[in-house]
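Chain and residue survey
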Amino acid sequence: MRLPKNLLLIIACLAQPLAGQAPDSLALARRVVAAASLAAKEYALGVVPAGGQITQPEEVDEAKLFIQQAQFDVPGLPLPARAKTQYALAHIAQLLEALASPDSVNRATDSLVALITAAAGGPKVVEPLPNRPPSLARGAVVYREQCAACHGESGRGDGPKAKSLKGPPPANLADPAVMGNKSLLDIFRRIAVGTPGTAMPEFAADLSTEDRWAVASYVAAMQYGGSATAAVFAAVRHQIDSALARRSDKIAVDAYMTFEQVETAIRATNAGLASELEGNFAWLRTRVAKADDAERDTIRDRLLAGLERAERVVADRPSGMSLFVASFFLLVREGFEAILIVAALMTFLAKAGASERRREVARGAWAAVGASVITWVLVELLFQVTPGQREMIEGVTMLVAAAVLFYVSYWLLSKIGADKWTAFVRGKMQSALSSGSGLALSAVAFLAVYREGFETILFYKALFTSAGASTVPVVGGIAAGAVGLVAIYLLVNQLGLRVAMKPFFAVTGVMLYYMAFVFAGKGIAELQGAGIIPLTVIEGAPRIPVFGIYPTVESLIVQGLLLVLAIVAAIWAMRPKAKPSGAAADRDLLRSQ
């Protein structure tokens, strides 16, 4: 049958709005789901768990406004869902007015969401989860462009437009009390639909889905401070605890979505750890609602231990400046002491009338330099031939470095007086000189200088391990330290300047102890990563990577012991002692001849 031409034109005109209706209906379905879900969240914050009593009126008022906003969008929903959605929203509004329990409101909201998602084509249609982890870098850009004017650069609600806005002030996005109960999905939804009754607009039409997820991730990280990566880990831990406490598989999914922001970085460094964490998150999602207390505790312990190891891998690398300073101090300290040792030995020979034997001391010193280079090569070969045990060897190296650093820092402290230092040098040289053997003199120089070389190798190996891929600052510190040593040598050897021993030993002793403390914590961390020693997370314990402090029982015990030993050593070294005779004359050994 042939249709009249006018009828075909009418059908053609109607076809265009019908074709455009599906995306519009889908967008409205997402708005209704978001508004209803946010209403339930806000209502739960403003009413006691049993209902009947309001604790935060502003939260209840906001929940009512979200429901009203959702009701305005009902006429644009798919036809099969309109009547039932209108009835469900009216029922939720009645529950809010009657101050029903938050659980009953949540059940009503869940039913509504299930109704709309079924009509729209499924949950993946209504809630388009990101195909890849949101970019925190992109989120920062979007935040500065769209949000900073009101919320401020740091999210504290103090942007340049904040005081001129009508209605409630912008939320403090850095306050855990405000943001602590909001999941990544909650923030994403609020960005999409805005906040009724405030100056917070909706961004669904202005920002792509990818940009909304990115800025939601950035906002979620603000409440934790510090680096964005560290904030992601803090958010994941909070969501894991919330999922277990509420037995909620939805919050468990939110936790995994947040974890995905750092999963790629973890996998690039330690693929096995990333797979282990992924499996534990799957365990959390599938068992959180059904597991008994023992299983839930096991899930939590494994996730927290894995996250602790992962954060050390991707977030706890020291800053470039701290690496540079540590590297510079190490080379100057070790090189300066070697220079002082050789200078003191030469001076002693001159004072003893045996200047012709300086060549034997120089021979021993240069032999020690060559032996140090050979030792460095052997250490590198050791690490290359045992790649499967690298974490274990690195951990042991750092702990040995910590022990030696602590001993050296105490030794420097005990030699803080010039008289003690010169007495130490005089005793060694007198023994060698009295033997009459040139080999004995060379041996004194060799052992003294090689000790400095071996310590330098050990300390730098630990420092490079701590730096990970950030080796440039360490190398820069070595270069700067070498220049500093040349300057020190010229000042001491050519100008005959007196060495300020007391300030030198005091400053370097403190620096060495600091590095011993850091290496102790990081050495335990490496051994925990290798599975050699257990990892027991302490909730609420500090995390200060710059000091090598991690919230685990094992690392804090070792560092606590080191702190106690430092106090005991300082008291012992500073105790009053009788001044040895002849010290005044021996101080001249510190002047180069």
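Criteria and cut-off values
- Residues numbered from 1 in each chain as written.
- Predicted model: local features only at pLDDT ≥ 70, side-chain atom pairs only at ≥ 80, totals over all residues.
- Heavy atoms only, no water.
- Helix = DSSP H or I, 4+ residues; strand = E, 2+ residues; numbered from the N terminus.
- Buried < 20%, exposed > 50% of the residue type's maximum accessible area, 1.4 Å probe, protein only.
- Contact = heavy atoms within 4.5 Å.
- Areas by Shrake-Rupley, 256 points an atom, 1.4 Å probe, with all protein chains shown as cover.
- Core = buried A, V, L, I, M, F, W, Y, C linked by side-chain atoms within 4.5 Å.
- Polar contact = N/O pair within 3.5 Å; in protein donor to acceptor, adjacent residues only side chain to side chain.
- Axes fitted to C-alpha atoms, helices over the stretch in contact; angles between N-to-C directions.
- Parallel < 35°, antiparallel > 145°, perpendicular 65-115°, else oblique.
- Left-handed = near helix turned anticlockwise from the far one by under 90°.
- 1 Å grid on protein atoms, 1.4 Å probe; cavity = no way out; pocket = protein on both sides within 12 Å on 5 of 7 lines; lining within 4 Å.
- Points joined across faces, edges and corners; volume = space filled by probe spheres on them.
- Nonpolar A, V, L, I, M, F, W, Y, C, P; charged D, E, K, R; others polar.
- Salt bridge = Lys/Arg side-chain N within 4 Å of Asp/Glu carboxyl O.
- Expected span 1.5 Å × (residues − 1).
- Bend = angle between axes of the 7 residues up to and from the residue.

Let us look at the overall build of the protein. When you go through the protein residue by residue, the secondary structure sums to 23 helices and 0 strands. Burial status across the protein gives 47% buried among its 593 residues. Considering only residue pairs separated by 6 or more positions, the protein has 71% of its internal contacts joining residues 24 or more positions apart. With the model as given, the accessible surface of the protein reaches about 28,500 Å², and the carbon-plus-sulfur share is 64%.

A word on the nonpolar core. Leu330, Leu405, Phe406, Leu463, Met515, Phe519 and Leu562 are the most contacted members of the largest nonpolar core, which totals 33 residues. Within the residue set of this core, elements represented by two or more residues are helix H15 (320–351), helix H17 (390–414), helix H19 (438–467), helix H20 (472–494), helix H21 (501–529) and helix H22 (553–573). Top contributing element to this core by residue count: H21, with 9 residues. Other than its neighbours up to four places away in sequence, leucine 405 contacts Phe459, Leu512, Met515, Ala516 and Phe519. The next biggest cluster of nonpolar side chains, apart from the first, holds 31 residues, and it includes Tyr43, Phe66, Leu89 and Ala108.

Among the structural elements, glutamine 559 can be located in helix H22. A sequence separation of 41 residues divides glutamine 559 from valine 518, and the C-alpha atoms of the two residues are 8.5 Å apart. Here glutamine 559 is in contact with Phe517, Ala520, Gly521, Phe547, Gly548 and Ile549, once residues within four sequence places are set aside. A polar contact is formed between the side chain of glutamine 559 and the backbone oxygen of glycine 548, at a distance of 3.0 Å.

Bringing unusual backbone geometry into the picture now. Phi angles above zero are rare outside glycine, and leucine 99 is one such case at about 55°. Positionally, leucine 99 belongs in the loop between helix H3 (79–97) and helix H4 (102–120).

One way to put it is that H3 packs onto H4 with a least axis distance of 10 Å and a crossing angle of 165°. Considered as vectors, H3 and H4 are oriented roughly antiparallel to each other. Regarding H3 and H4, the two cross each other, and that crossing is left-handed. Of the residues in H4, those in contact with Ala81, Lys84, Thr85, Ala88, Leu89, His91, Ile92, Leu95 and Leu96 of H3 are Ser104, Val105, Ala108, Thr109, Leu112, Leu115, Ile116 and Ala119.

With that out of the way, let us pick up empty space enclosed by the protein. Inspection of every chain in the model, using the stated rule, returns 6 cavities of 30 Å³ or more. Taken together, 13 residues line the largest cavity, and the ones lying closest to its centre are Ala326, Leu463, Ser466, Tyr514 and Val518. Mapped onto the lining of the largest cavity, the elements with two or more residues apiece are H15, H19 and H21. The greatest single-element share of the lining of the largest cavity, amounting to 5 residues, is contributed by H21. By residue class, the composition of the lining of the largest cavity is 10 nonpolar, 2 polar and 1 charged.

The final tally for this structure, using the stated rule, is 14 salt bridges. Notably, a salt bridge pairs arginine 247 with aspartate 293, separated by 3.7 Å at the nearest N-O pair. Of this pair, arginine 247 sits in the loop between helix H11 (228–246) and helix H12 (249–269) while aspartate 293 sits in helix H14 (residues 293–314), and the two are 46 residues apart along the sequence. Here the residues in one salt-bridge network are Arg31, Asp73 and Glu202, joined through shared partners.

Turning to helix H2 (residues 57–73), a few remarks are in order. The end-to-end C-alpha distance of H2, which contains 17 residues, comes to 25 Å, matching closely the 24 Å that a straight helix rising 1.5 Å per residue would cover. Among the residues of H2, those classed as buried are Glu59, Val60, Glu62, Ala63, Phe66, Ile67, Gln69, Ala70 and Asp73.

The subject of this paragraph is the side chain of histidine 151. Within the fold, histidine 151 resides in helix H7 (residues 148–151). You can call histidine 151 buried: its relative accessible area is 13%. For histidine 151, the residues in contact, after removing those within four places along its chain, are Tyr143, Arg156, Gly157, Asp158, Gly159, Pro170, Ala171 and Leu173.

Contact geometry for helix H9 (residues 184–193) and helix H10 (residues 209–222): axes closest at 9 Å, N-to-C directions at 125°. Considering their axes alone, H9 and H10 lie oblique with respect to each other. Crossing handedness for the pair H9 and H10: right-handed. Contacts from Leu184, Leu185, Ile187, Phe188, Ile191 and Ala192 of H9 reach H10 at Thr209, Arg212, Trp213, Val215, Ala216, Ser217, Val219 and Ala220.

Our next topic: H12. For an α-helix, the turn length of 3.6 residues means that residues three or four places apart are oriented alike. Given a rise of 1.5 Å per residue, 21 residues ought to cover 30 Å, and the 29 Å separating the end C-alpha atoms of H12 matches this to within 8%. At valine 262, H12 shows its maximal bend, which comes to roughly 50°. Looking at H12, one finds that the buried residues are Ile251, Ala252, Asp254, Ala255, Tyr256, Met257, Thr258, Phe259, Gln261, Val262, Glu263 and Ile266. At the N-terminal boundary of H12, the capping side chain belongs to serine 248, with an oxygen 3.2 Å from the backbone nitrogen of isoleucine 251.

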